[in-house]
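Here are the chains, one letter per residue:
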Amino acid sequence: MPIQKICCIGAGYVGGPTCSVIALKCPDIKVTVVDKSQERIDQWNSEKLPIYEPGLYDVVKQRRGENLFFSTDIDNAIKEADLIFISVNTPTKTFGNGKGRAADLKYVESAARMIAEVANSSKIVVEKSTVPVRAAESISNILTANTFNKPNVKFQILSNPEFLAEGTAINDLLYADRVLIGGEDSAEGHAAIEELCKVYERWLPRKNILTTNTWSSELSKLAANAFLAQRISSINSLSAVCETTGADVSEVARAVGWDSRIGPKFLQASIGFGGSCFKKDILNLVYICEGLNLPEVAAYWQQVIDMNDYQKSRFSAKVIESLFNTVTDKRITLLGFAFKKDTGDTRESPAIDVAKTLLDEGAKLHVYDPKVEHSQILEDLTHPQVTEEPEHVRKSLTIHSDPYEATAGTHAIVLCTEWDEFVSLDYQRIYEGMMKPAYVFDGRKILDHQKLQSIGFIVQTIGKRLSR
Ligand code: NAD
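Per an unreviewed UniProt entry, the protein carries the name UDP-glucose 6-dehydrogenase and comes from Thrips palmi. In its Catalytic activity (unreviewed entry) section, UniProt records this for the protein: "UDP-alpha-D-glucose + 2 NAD(+) + H2O = UDP-alpha-D-glucuronate + 2 NADH + 3 H(+)".

A. Spatial organisation of the overall build of the protein. Broken down by element type, the protein carries 18 helices and 16 strands. A compact globule built from 468 residues would reach a C-alpha radius of gyration of about 23 Å, and the protein, at 24 Å, matches this within 12%. Judged by the C-alpha coordinates and their principal axes, the protein covers about 75 × 50 × 45 Å. Among the 468 residues that make up the protein, the fraction classed as buried is 45%.

B. A look at the UniProt feature "domain: UDP-glucose/GDP-mannose dehydrogenase C-terminal" (unreviewed entry) in the protein. The UniProt feature table records "domain: UDP-glucose/GDP-mannose dehydrogenase C-terminal" (unreviewed entry) at residues 333-449. Structurally, residues 333-449 is divided into 33% helix and 17% strand, and its ends, taken at the C-alpha atoms, are 18 Å apart.

C. Broad picture of the pairing of strand 15 (residues 439-442). Residues Y439 and F441 of strand 15 are buried on one face, and the alternating residues V440 and D442, pointing to the opposite face, are buried as well. Note that strand 14 (residues 412-415) and strand 15 share four bridges and pair parallel. Residue A412 lies in a different strand from strand 15, and its bridge partner there is Y439. Note on the crossover from strand 14 through helix 17 (residues 427-433) to strand 15: the handedness is right-handed. With four bridges connecting them, strand 15 and strand 16 (residues 458-461) associate as parallel partners. Looking at the pairing, F441 lines up with Q460 of strand 16. With respect to chirality, the unit in which strand 15 leads through helix 18 (residues 449-455) into the neighbouring parallel strand 16 is right-handed.

D. View of unusual backbone geometry. Note that the residue after K436, namely P437, is joined by a cis bond; omega there is -5°. For P437, the location among the structural elements is in the loop between helix 17 and strand 15. Although it is not a glycine, R134 sits at a positive phi angle of roughly 85°. Here R134 lies in the loop between strand 7 (123-127) and helix 6 (135-145). C-beta crowding within 10 Å serves as the criterion here: with 12 such atoms nearby, R134 is assigned to the exposed category. In this model, K445 sits at a positive phi of 55°, which is unusual for a non-glycine residue. Mapped onto the elements, K445 comes out in the loop between strand 15 and helix 18. Overall, K445 belongs to the partly exposed group, with 19 C-beta atoms counted inside 10 Å.

What counts, and where the lines are drawn
Residues numbered from 1 in each chain as written. Predicted model: local features only at pLDDT ≥ 70, side-chain atom pairs only at ≥ 80, totals over all residues. UniProt positions renumbered as here; feature names shortened; annotations may be inferred. Helix = DSSP H or I, 4+ residues; strand = E, 2+ residues; numbered from the N terminus. Rg over C-alpha atoms; globule rule 2.2 N^0.38 Å. Buried ≥ 20, exposed ≤ 12 C-beta atoms within 10 Å, placed from the backbone. Pairing = 2+ DSSP bridges. Right-handed = clockwise from strand over helix to strand, strands pointing away.

Structure follows, in structure tokens:
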């Protein structure tokens, strides 16, 4: 029987948008997104969604209350569903005095236990969360061991990792060039894959759906993120070479990416990658390799993260060095705090590292971001992993709702997120209100450097020496 009811456990950046698009494209399927957080569910049911994502609200508004529901009644949604997405967070956990880092599957495990406890009919259970390879085996063990007294309840576990990118999630889902579904190589496994294919085929061509065995699918998601991050670290490593030789990293990226075997995407040098996924998924891969006794492979991927950390600290050091080697009591303005444009998400944002360094060095930090909640910025910068002195941070930090207010009287602008609105600010006006010499550090390479120089700014960027 075709899928009639879908439940998604986890109403986050993935579960919310993915299920909204499924509800939009499959009006005859009832889609219920559940979460243990009442606050998150209340937000999904309100005018102000818990996440900012272009186009999302329009989709939610069309389907909410029709065939799209957001609820904390997890048991009921599980019971009635034919297919259940597990879309919970899979953060990194540390162990062994902080030396070891691996994916923490406690939320996936608890979702699996909830399914086992309340399911009274057979289900297709789909890993949407990014998980280590062979996680489906653990999920299957939990489900079967906890339903041994329900012989009519059977589960098929599929891996269907999500490839959306925050900031373009709705577009990515509506026009996905690749849907990956992994399943067991058995008649039941193939049937389950087919059911999920039929859901996606409502709006995507079959040729865009790739089916594999479960383990290939799980590993492919980690590999895809590792490859993307590796390209960023590769070009960033060359940006340091450019700055000392006179080469221009944008020209190098263009020349390298012109080769059709390499291609131009993900070759933009910057202060480094952020977001909840790249670092976490590479750490996950590294941990798997170590567990498989493949230390050279683990070291290879670890270097992608180390390069990213180096890039962030190199950029922060450049800011301090340029400001006469001291930022103590100097007003410095961060433009952008989200990890990328068009999202309010700050998880692993490079801006946090830059801000931390500047605050540690005694700067008076002023921050403006068009979408990140002020409370989130404060929470990120006073987090115990970021500072041992939250009071000092509170005293040294001012968060603004207006870019001109944020830059008035400042010594330096440090651009951390590539928001479009930063390109069209009135820099003449900003310059006039700033301390002199007035500095701009363009960590995303989006500004017109010549124009800024002609106004009077001293400009520094990544991967290019700018003559004054
Ligand atoms: P998120 O933190 O935004 O959302 C996860 C939600 O799951 C939270 O609201 C949390 O309350 C809920 N949750 C956790 N345990 C629960 C439980 N037992 N019952 C009910 N709700 C529970 O996370 P996210 O960004 O949506 O990521 C989810 C997964 O998708 C992760 O594995 C991530 O790696 C992967 N992923 C994320 C992205 C991205 O861009 N954010 C892209 C692709 C894949």
